[in-house]
Amino acid sequence: MTNKSSVPKKLSFISIYFLGINAVIGSGTFLLPSVIYRYMNLTAILVLLCTAVTVSMIALCYADLSSRFTQSGAAWLYSYNAFGRFSGYELGIFTWFLGCTTLSAEVVALLTILKSFLPIFKNNAVYISGVIFLILLFSIINFFGRSWVKIVNNISAAAKIITLLVFIIVGAFFIKKAHFTPVIPHAALTGVGPFFKHFGAAFTPIFYLFTGFSFIPIAAKQMNNPEKNIPRVLIAVMTSVTILDCLMLLVAIGLSGQKLGGYSNPLASALKTGVGQWGFAFMIVGMLISIFGVAFSASFNTPSLIASLATEHGMLPKWIGKKNKHDAPWVGIIFTAVLSGALATQSYLFLVSYTVLASFVQYVPSILAVIKFKHSNEYPTHGFSLPGKYTVPIIALISSCYMVTNFTPKTLLLGAVVAVIAAACYFFIDKDEKLEKEHEDFLAKLRRKN
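Here the structure is a predicted model, which means the values were calculated and not measured. (Residues numbered from 1 in each chain as written. Predicted model: local features only at pLDDT ≥ 70, side-chain atom pairs only at ≥ 80, totals over all residues. Heavy atoms only, no water.)

S.K.: So what about the overall build of the protein? Which residues, and what values?
M.R.: Within the protein, the secondary structure is distributed over 17 helices and 0 strands. Counting only residues that meet the buried cut, the protein has 58% of its 450 residues in that class. Put simply, of all contacts in the protein between residues at least 6 apart along the chain, 83% involve residues at least 24 apart. Only carbon and sulfur atoms are counted for the fraction: they give 70% of the accessible area of the protein, which is about 18,600 Å². (Helix = DSSP H or I, 4+ residues; strand = E, 2+ residues; numbered from the N terminus. Buried < 20%, exposed > 50% of the residue type's maximum accessible area, 1.4 Å probe, protein only. Contact = heavy atoms within 4.5 Å. Areas by Shrake-Rupley, 256 points an atom, 1.4 Å probe, with all protein chains shown as cover.)

S.K.: Tell me what's going on with unusual backbone geometry, and back it up with residues and numbers.
M.R.: With an omega of 0°, the peptide bond between Thr181 and Pro182 qualifies as cis. When you line up the elements, Pro182 lands in the loop between helix H8 (146–172) and helix H9 (192–208).

S.K.: Account for helix H16 (residues 409–426), with residues named and values stated.
M.R.: Relative to the 26 Å expected for 18 residues at 1.5 Å per residue, H16 spans 26 Å between its end C-alpha atoms, a close match to the ideal helical length. All of the buried residues in H16 are Thr411, Gly415, Val418, Ala422, Ala423 and Tyr426. Each buried residue of H16 sits inside an arc of 130° when the element is viewed along its axis, so together they form one side. Opposite the packed face of H16, turned more than 90 degrees from it, sit the exposed residues Pro409, Lys410, Leu413 and Val420. The inward-facing, buried residues of H16 abut helix H6 (85–117) and helix H14 (348–376). (Expected span 1.5 Å × (residues − 1). Arc of directions from axis to C-beta.)

S.K.: How would you sum up the packing of helix H1 (residues 13–24) against helix H12 (residues 277–311)? Please name residues and give values.
M.R.: Here H1 crosses H12 at 115°, and the two axes come no closer than 7 Å. Classified by the interaxial angle, the pair formed by H1 and H12 is roughly perpendicular. Where H1 crosses over H12, the handedness of that crossing is left-handed. In this structure, H1 contributes Leu19, Asn22 and Ala23 to the contact, and H12 contributes Gly293, Val294, Ser297, Phe300 and Asn301. (Axes fitted to C-alpha atoms, helices over the stretch in contact; angles between N-to-C directions. Parallel < 35°, antiparallel > 145°, perpendicular 65-115°, else oblique. Left-handed = near helix turned anticlockwise from the far one by under 90°.)

S.K.: Can you explain the side chain of Thr163? Please cite residues and give values.
M.R.: Looking at the secondary structure, you find Thr163 in helix H8. Contacts of Thr163, omitting those with residues within four sequence positions, involve Phe30, Phe282, Met283 and Gly286.

S.K.: Requested: an account of the environment of Leu137, with residues and values cited.
M.R.: Secondary-structure assignment places Leu137 in helix H7 (residues 124–143). Residue classification places Leu137 among the partly exposed residues on the basis of a relative accessible area of 27%. For Leu137 and Phe296, which are 159 residues apart along the polypeptide, the C-alpha to C-alpha distance reads 9.3 Å.

S.K.: Can you break down H14 residue by residue, with the values?
M.R.: When the terminal C-alpha atoms of H14 are compared, their 42 Å separation across 29 residues agrees well with the 42 Å that a helix rising 1.5 Å per residue should span. The element H14 is extensively covered by neighbouring structure, given that 21 of its 29 residues are classed as buried. The N-cap of H14, judged by a side-chain oxygen 3.3 Å from the amide nitrogen of Phe350 a few residues on, is Ser347. Where H14 terminates, the next one or two residues include Asn377, which has phi positive at roughly 55°. (Polar contact = N/O pair within 3.5 Å; in protein donor to acceptor, adjacent residues only side chain to side chain.)

S.K.: Could you give an account of the pattern of salt bridges, naming the residues involved and the relevant values?
M.R.: Counting across every chain of the model gives 2 salt bridges. Note that Asp64 is salt-bridged to Arg68, the shortest N-O span being 2.8 Å. Given a relative accessible area of 0%, Asp64 falls into the buried group. We classify Arg68 as buried; its relative accessible area is 9%. Note that Lys374 is salt-bridged to Asp64, the shortest N-O span being 3.6 Å. Highlighted residues: Lys374 in helix H14 and Asp64 in helix H4 (residues 44–66), separated in sequence by 310 residues. A single network of salt bridges, built from pairs that share partners, joins Asp64, Arg68 and Lys374. (Salt bridge = Lys/Arg side-chain N within 4 Å of Asp/Glu carboxyl O.)

S.K.: Just give me the short version of the nonpolar core, but keep the residues and values in it.
M.R.: Of all hydrophobic cores here, the largest spans 148 residues; its most connected members are Phe167, Phe210, Phe213 and Leu316. The greatest single-element share of this core, amounting to 17 residues, is contributed by H6. Among all residues touching Phe167, those that are not within four sequence positions of it are Ala172, Met248, Val251, Ala252, Leu255, Leu267, Ala270, Leu271 and Met283. (Core = buried A, V, L, I, M, F, W, Y, C linked by side-chain atoms within 4.5 Å.)

S.K.: With reference to specific residues and values, describe empty space enclosed by the protein.
M.R.: Inspection of the entire model under this criterion finds 5 cavities of 30 Å³ or more. The volume enclosed by the largest cavity comes to roughly 100 Å³. Among the secondary structure elements, those contributing two or more residues to the lining of the largest cavity are H1, helix H2 (27–31) and H6. When grouped by side-chain class, the residues that make up the lining of the largest cavity number 5 nonpolar, 8 polar and 1 charged. (1 Å grid on protein atoms, 1.4 Å probe; cavity = no way out; pocket = protein on both sides within 12 Å on 5 of 7 lines; lining within 4 Å. Points joined across faces, edges and corners; volume = space filled by probe spheres on them. Nonpolar A, V, L, I, M, F, W, Y, C, P; charged D, E, K, R; others polar.)

S.K.: If you had to explain the confidence of the model for the protein to someone new, which residues and values would you point to?
M.R.: Per-residue pLDDT for the protein averages 82, and the proportion of residues at 70 or more is 89%. With pLDDT under 50 throughout, residues 1–7 is counted as low confidence; its partners more than four residues away or in other chains account for 0 contacts. (pLDDT = per-residue confidence, 0-100.)

Listed below in structure tokens is the structure:
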């Protein structure tokens, strides 16, 4: 007789929602408002809304896709089933690299904040020790599986929502109307070219505020009723984050005005101008909790992704997908920790720009997969389907392609290098013919059924 208590519990809707909140609200929410304001002033709120609509179109495509599959993997899984093995493999490696980059960016952001009030972290040896400590801490927690994940994740997500709500509610009482001018920088009004240059410069960091949503379906197998819960969570998370970010930016501008563009810790400094030193201290604590939460979320999802590459369709050697008694992908956790630790030696802004590029690489094949599946009905949806057939994915595709115009040559070059290295490794990986045949048989059954 099977001992039911030994079977790990699945993540519930509320746990998936908090996981999504943790994946989206992170360092960008607290550190990038100053950059956004510098380029567009008060109009930055409209740019934020435009970006939110853009990302929501992409998130709806993910919701459609996640309703068709129960397996872990997200973008790579969708691309694999739509365009074949090599496409899925290439995107899987790239998405795993994105997860490592996100984890590294949040670790670097956390230590950067610590530097602002703990000068000891300016010492390089102490800084590197901090990187190693945080990466090891996340790895150890993840070794114990979902029970620890739910506890840490729920507490972290609740704390960051409370922090933002306190900032918005308390800060609203100290807003000065005079701070809402200028509405847009004078340089952005000198012509169409300068305007779109400023718009694009604000669009990229704002886009980073939302990129974490794509990690939600990666651990689908560890979730309860994923084909129905994930679409609901994606919509709920995007709506919640958009409302919070708009209110946050509005209050921050109202508190600080043009000074906001010069702050290194914009939200903490903004609240300090309104209520004093305790506001600064409160926000610093909230920032640390928030960034810890996003880093933790990435450390949980990323190993699951590389493990799914090995176990779902044999794209990597099977031993990479090995799990311990807590159902944690321990080999994937180690691989993720090593690469993330190496990436954490880079600057925060570089890691942010690369995260946006890697997100773009995920989105385009996923959107194209939606169009293909809608045309062929090869994988019918179970619980969610996009309205308007091709309208949403086409809008999402056009919006995603706009991002290319905002990438630097250095960022594009690094992305190409990662893709080429992954492609070269593909030909040295043993193909699992049994898993491949099982997948082909599955496809054949679907075709006969439809």
